[in-house]
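Examining the three-dimensional arrangement
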Amino acid sequence: MKIEWKSCIRVAVSGFLLYLAIYYWDMVSGLAVSLIGSLSPLFIGFAIAYVLNILMTFYERHYFPLHYDKKLVKKTRPFVCMIAAIVSFVAIIALIIRLVVPELILCIKFLVSQIPPLLGNILQNDLVDKYVPDDVISSLTSINWQQIVSKAVQFVVSGISTAAGAIFSAISSVFSIVVTAFISIIFSVYFMLGKETLKKQTGRLLHTYCPKYERSVKHIFEVFNDSFHRFIVGQCLDCIILWLMCTFGMLIFKFPYAQMIGAFVGFTALIPVAGAYIGALVGAVMIMTVSPIKSLLFILFVIILQQLEGNFVYPKVVGKSVGLPAVWVLAAITIGGSLMGITGMLIGVPIFGALYKLLKEDVCRRELAKSAVNDKKTASKGKKGIDISETKKGMFKNSP
């Protein structure tokens, strides 16, 4: 076996770099975290551009389709479709905020103002009189809840003066978030406008540096892109179904704020499994301003609705869209949530869907190859057997 010096040098350099990485692990990990943090606007911008690109491609398909190759249409298509996608996305978010936030603020104000009378009504209930001792009731009824609330407000106001450092830190963090969001939006605009150029440049890099694995890498990217695209569309469809189910169910059971809470529950359902419960909690607070009993019944209604949606609607709609069986959809949500929280829940299903498709293709390819080899061996054995029999017939025929 011939040993090349280049291979030895590569192994030696790789081993030395691995040793440095292990020995200076704290420094290397800190540098990696800093690098990822500095690149976070780029990643966020790519994620925003990827989501908006779904709307953008929809508008591109309908932007003068009969004059697709015209110079003016070809030149204006990316910019016009990008603006339409951004305006549509902002309009959807603004509509949801307009439906939910004002009424939510009014309900919270009303709830805070009605806490003392509500507690008084609870303490005067017959069940409370029956099961709670009289000394406890008398001590609770003697409490001046209005004074307690006012003292709490004074405590908060007085504490503000001693929290200058915390406020400055919060303002700086908010400013950092705003700057990061602004830079991410700029990156997303560049991504959407230059997506064709980026696609060509990536293809050239693969063809130049990885010609052997070019087709495989492109296929993997196509599978993951298709899985994420189908997941986002399926997730939005699932949210619309949950919105309609929640709204009509609340109208049937005569819960207040049916349309507003239904829209909010559907919007928060973008977060798999846990999102609907977040919307249910806010909806229960709203309904509590009207009737505490209806608020408890609403929580029970949402729990049942979420079980139906999570076990039947979500696996069918999202699972079929990414080509993933229902049991693996639930497994992807569980594993992704345990590893990365809400982010893991969001990206776990499309990742599992892409891996499932790639594994299925590889298994089918190996089975076909194995079947072809077995068929070839069987045909070869059959041919040999025919030749031997024909030879024997000739021998017997020519024998005396």
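Just so we're clear, the structure is a prediction, and the values are computed from it rather than from any experiment.

Definitions and limits used
Residues numbered from 1 in each chain as written. Predicted model: local features only at pLDDT ≥ 70, side-chain atom pairs only at ≥ 80, totals over all residues. Heavy atoms only, no water. Helix = DSSP H or I, 4+ residues; strand = E, 2+ residues; numbered from the N terminus. Buried < 20%, exposed > 50% of the residue type's maximum accessible area, 1.4 Å probe, protein only. Contact = heavy atoms within 4.5 Å. Areas by Shrake-Rupley, 256 points an atom, 1.4 Å probe, with all protein chains shown as cover. Patch = residues over 30% accessible without salt bridge, like charges linked within 9 Å, V, L, I, M, F, W, Y side chains within 5 Å. Salt bridge = Lys/Arg side-chain N within 4 Å of Asp/Glu carboxyl O. Expected span 1.5 Å × (residues − 1). Polar contact = N/O pair within 3.5 Å; in protein donor to acceptor, adjacent residues only side chain to side chain. Core = buried A, V, L, I, M, F, W, Y, C linked by side-chain atoms within 4.5 Å. pLDDT = per-residue confidence, 0-100. Phe/Tyr/Trp six-rings, centres within 6.5 Å; stacked < 30°, edge-to-face > 60°. Axes fitted to C-alpha atoms, helices over the stretch in contact; angles between N-to-C directions. Parallel < 35°, antiparallel > 145°, perpendicular 65-115°, else oblique. Left-handed = near helix turned anticlockwise from the far one by under 90°. Nonpolar A, V, L, I, M, F, W, Y, C, P; charged D, E, K, R; others polar.

1. Quick notes on the overall build of the protein
- Counting its regular elements, the protein contains 15 helices and zero strands.
- Within the protein, the fraction of its 400 residues that count as buried is 24%.
- The contacts in the protein between residues at least 6 apart in sequence include a share of 65% that link residues at least 24 apart.
- Summed over its atoms, the accessible surface of the protein is roughly 28400 Å², and 73% of this surface lies on carbon and sulfur atoms.

2. Topic: a nonpolar patch on the surface
- On the surface, Ile 9, Val 13, Phe 16, Leu 17, Tyr 19, Tyr 23, Tyr 24, Trp 25, Met 27 and Val 28 cluster together into a nonpolar patch covering about 1100 Å² of accessible area.
- Looking at the nonpolar patch, the elements that each hand over two or more residues are helix H1 (5-23) and helix H2 (25-38).
- Among the elements that make up the nonpolar patch, the one with the highest residue count is H1 (six residues).
- Within the fold, Met 27 resides in helix H2.
- On the accessibility criterion, Met 27 (60% relative accessible area) is exposed.

3. Looking at unusual backbone geometry
- Although it is not a glycine, Lys 254 sits at a positive phi angle of roughly 60 degrees.
- Secondary-structure assignment places Lys 254 in the loop between helix H11 (214-252) and helix H12 (258-268).
- For Lys 254, a relative accessible area of 66% gives the class exposed.
- The backbone of Tyr 257 sits at a positive phi, close to 55 degrees, despite the residue not being glycine.

4. What about H11?
- Taking 1.5 Å as the rise per residue, H11 with 39 residues should run 57 Å; its terminal C-alpha atoms sit 57 Å apart, in good agreement.
- Within two residues after H11, Lys 254 carries a phi angle of roughly 60 degrees, on the positive side.

5. Thoughts on the environment of Ser 38
- Looking at where Ser 38 falls in the secondary structure, it is placed in helix H2.
- Sequence separation between Ser 38 and Thr 180 is 142 residues, and the spatial gap between their C-alpha atoms is 9.7 Å.
- Within the structure, the side chain of Ser 38 is placed 2.7 Å from the backbone oxygen of Leu 35, a separation counted as a polar contact.

6. So, the nonpolar core
- Within the largest apolar cluster, 21 residues are counted, with the highest numbers of intra-cluster contacts made by Met 250, Ile 261, Phe 298 and Phe 301.
- Breaking this core down by element, the ones donating at least two residues are H11, H12, helix H13 (275-288) and helix H14 (292-322).
- It is H13 that provides the largest number of residues to this core, a total of six residues.
- Among the nonpolar cores identified, the runner-up in size contains 11 residues, and Phe 231, Ile 333, Met 345 and Val 349 belong to it.

7. Notes on the confidence of the model for the protein
- Per-chain confidence: the protein averages 76 in pLDDT, with 73% of residues scoring 70 or above.
- Scored below 50 in pLDDT, residues 388-393 makes zero contacts in the model with residues more than four places away or belonging to other chains.
- Ignoring residues within four places in sequence, the model shows residues 395-400, a span with pLDDT below 50, making zero contacts including any to other chains.

8. What about the packing of aromatic side chains?
- Under the definition given, this model contains 10 aromatic pairs.
- When the ring of Phe 253 is compared with that of Phe 255, the centres are 6.2 Å apart and the planes differ by 40 degrees; the resulting orientation is tilted.
- Measuring from ring centre to ring centre gives 6.4 Å for Phe 298 and Phe 301, while their planes differ by 40 degrees; the resulting arrangement is tilted. With Phe 298 and Phe 301 both in helix H14 and three residues apart, this pair spans about one turn of that helix.
- Judged by its relative accessible area of 14%, Phe 301 is buried.
- Aromatic rings pair up to connect Phe 46, Tyr 50, Phe 191 and Phe 228 into one cluster.

9. Comments concerning the side chain of Ser 88
- With respect to the helices and strands, Ser 88 occurs in helix H4 (residues 71-113).
- Given a relative accessible area of 18%, Ser 88 falls into the buried group.

10. Focus on the packing of H12 against H13
- Following both chains from N to C, one finds H12 and H13 inclined at 155 degrees, their axes separated by 7 Å at the closest point. Overall, the two elements H12 and H13 adopt an arrangement that is roughly antiparallel. Along this stretch, H12 crosses H13, giving a crossing that reads as right-handed. Each of Met 260, Ile 261, Phe 264, Val 265 and Thr 268 in H12 lies in contact with H13, whose residues at this interface are Gly 275, Ala 276, Ile 278, Gly 279, Ala 280, Val 282, Gly 283, Met 286 and Ile 287.
- Its residues assigned to classes, the contact of H12 with H13 shows 10 nonpolar, four polar and no charged.

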